[in-house]
Amino acid sequence: MMTKPRLLVATTNAGKQREYRELLREVPAEIVFPGDLGIALEVEEDGTTFRENAAKKAAALARASGLLSLADDSGLEVDALGGEPGVRSSRYAGPGADDPRRREFLLEKLRGIPAPRKARFVCVIAITIPGGGISFAEGECRGEITLTQRGSNGFGYDPVFQPEGRQVTLAELPPDEKNRISHRARAAAAAIPILRTLLDSESARREHP
Ligand code: ITT
């Protein structure tokens, strides 16, 4: 019997890992994370765009693992802050800060700014196979920042982000509902056909080397 090919999802963020397990459920591959392979994800995210950082993470991990690899670089862009924190979303409140501290830091910056504090979440997925080219899939989720934190689902800035047309934050939505409307869900939906094509050619190569 042919074993399922493996797909390395190159993230150490537990929230992202949880979401990708669901979002990539229909992909005919065994999902593995860097920790499962004993590989560290030590990539300096010094690019100026989500695309650059996602490509850097995917390429480094494909090289280290020899596997088809997917990485996402994602973040929050707030209009009133000129698009900040953007690519700096995970480092916004300085090194070592946790999610609650990052949210506090964001809310401090927004104090005095009247509603609606328009924002969007962006997710750029990069996919690559060792020695191969790189493909991208992108998604966004528009909404606004709330000055009170609500909800305990999700991760990161979810408790202060209210998606357009909803009266609840992403952290108040059940996970399967976030997974229908989020930036990551949209990027993953665009990534799935790319993954299928790469997995098909990979299995053809394994059957007829
Ligand atoms: P990896 O590099 O290991 O994937 P990371 O957390 O460092 O993990 P990023 O560099 O892409 O990932 O940073 C994205 C940050 O943006 C993340 O830490 C959150 O603070 C925020 N973020 C991204 N997607 C989010 C989501 O769906 N909900 C809430 N916050 C999110």
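Residues numbered from 1 in each chain as written. Predicted model: local features only at pLDDT ≥ 70, side-chain atom pairs only at ≥ 80, totals over all residues. Heavy atoms only, no water.

What to know about helix H5 (residues 183–207)
Next up, step 1: The first and last C-alpha atoms of H5 sit 36 Å apart over 25 residues, in line with the 36 Å expected at 1.5 Å per residue.
Next up, step 2: When we look at burial in H5, the residues that qualify are His183, Arg184, Ala185, Ala187, Ala188, Ala191, Ile192, Leu195 and Leu199.
Next up, step 3: Looking at the packing, one finds that the buried side of H5 touches strand S1 (6–9), helix H1 (14–23), strand S3 (68–78), strand S4 (118–128), strand S5 (134–145) and helix H4 (175–181). (Helix = DSSP H or I, 4+ residues; strand = E, 2+ residues; numbered from the N terminus. Expected span 1.5 Å × (residues − 1). Buried < 20%, exposed > 50% of the residue type's maximum accessible area, 1.4 Å probe, protein only. Contact = heavy atoms within 4.5 Å.)

A short note on the packing of aromatic side chains
Next up, step 1: Counting across every chain of the model gives 2 aromatic pairs.
Next up, step 2: With centroids separated by 4.9 Å and ring planes inclined at 90 degrees, the aromatic side chains of tyrosine 92 and phenylalanine 105 adopt a geometry described as edge-to-face. Here the residue tyrosine 92 occupies a position in the loop between S3 and helix H3 (99–110), and phenylalanine 105 occupies one in helix H3, the gap between them amounting to 13 residues.
Next up, step 3: Taking relative accessible area as the criterion, tyrosine 92 reaches 3% and is therefore assigned buried.
Next up, step 4: Exposure remark for phenylalanine 105: the relative accessible area of 21% places this residue in the partly exposed category. (Phe/Tyr/Trp six-rings, centres within 6.5 Å; stacked < 30°, edge-to-face > 60°.)

A closer look at unusual backbone geometry
Next up, step 1: Residue proline 85 is reached from glutamate 84 by a cis peptide bond, and omega for that bond is -5 degrees.
Next up, step 2: As for its placement among the helices and strands, proline 85 is situated in the loop between S3 and H3.
Next up, step 3: Here the bond from alanine 115 into proline 116 is cis, since omega is -5 degrees, no more than 30 degrees from zero.
Next up, step 4: Counting through the fold element by element, proline 116 comes out in the loop between H3 and S4.

Concerning the sheet that holds S4
Next up, step 1: The strand order across the open sheet built from 6 strands is S2-S1-S3-S4-S5-S6, with neighbouring strands paired in mixed fashion. Of all strands in the sheet, those with a lone pairing partner are strand S2 (30–32) and strand S6 (161–163), marking the two edges. The mean inter-strand angle of the sheet, taken between neighbouring strand axes irrespective of direction, is 35 degrees.
Next up, step 2: In this sheet, S3 lies alongside S1 in parallel orientation, the contact comprising 3 bridges. Bridged to leucine 8 within S3 is serine 69. (Pairing = 2+ DSSP bridges. Axes fitted to C-alpha atoms, helices over the stretch in contact; angles between N-to-C directions.)

Considerations on the side chain of arginine 102
Next up, step 1: Secondary-structure assignment places arginine 102 in helix H3.
Next up, step 2: The exposure class of arginine 102 is buried, given its relative accessible area of 14%.
Next up, step 3: At 2.6 Å, the side chain of arginine 102 and the backbone oxygen of serine 90 are in polar contact.
Next up, step 4: The residues contacting arginine 102, other than those within four sequence positions of it, are Ser89, Ser90, Ala93, Ala97 and Tyr157. (Polar contact = N/O pair within 3.5 Å; in protein donor to acceptor, adjacent residues only side chain to side chain.)

Quick look at the nonpolar core
Next up, step 1: Leu7, Val9, Leu24, Val27, Leu70, Ile125 and Leu195 are the most contacted members of the largest nonpolar core, which has 22 residues in total.
Next up, step 2: Elements with a contribution of two residues or more to this core: S1, H1, S3, S4 and H5.
Next up, step 3: Among the elements that make up this core, the one with the highest residue count is H5 (7 residues).
Next up, step 4: Beyond its immediate sequence surroundings of up to four residues, leucine 70 is in contact with Leu7, Leu8, Val9, Ala10, Tyr20, Leu24, Ile125, Ala126, Ile127 and Leu195.
Next up, step 5: With 17 residues, the next largest nonpolar core counts Val78, Leu81, Ala119 and Val160 among its residues. (Core = buried A, V, L, I, M, F, W, Y, C linked by side-chain atoms within 4.5 Å.)

Some details on the environment of arginine 150
Next up, step 1: Inspection of the secondary structure assignment puts arginine 150 in the loop between S5 and S6.
Next up, step 2: Exposure remark for arginine 150: the relative accessible area of 25% places this residue in the partly exposed category.
Next up, step 3: What arginine 150 contacts, discounting residues up to four positions off in sequence, is Pro159, Gln162, Gln167, Val168, Thr169, Ala171 and Glu172.
Next up, step 4: Within the structure, the side chain of arginine 150 is placed 3.0 Å from the backbone oxygen of glutamine 167, a separation counted as a polar contact.

Focus: the packing of H1 against H5
Next up, step 1: Put simply, H1 and H5 touch, their axes get as near as 11 Å, and they point 45 degrees apart. With respect to each other, H1 and H5 are oriented oblique. In this structure, H1 meets H5 at a crossing whose hand is right-handed. Contacts between H1 and H5 involve Lys16, Glu19, Tyr20 and Leu23 from the former and Arg184, Ala185, Ala188 and Ile192 from the latter.
Next up, step 2: Classifying every residue of the contact of H1 with H5 by side-chain character gives 5 nonpolar, no polar and 3 charged. (Parallel < 35°, antiparallel > 145°, perpendicular 65-115°, else oblique. Left-handed = near helix turned anticlockwise from the far one by under 90°. Nonpolar A, V, L, I, M, F, W, Y, C, P; charged D, E, K, R; others polar.)

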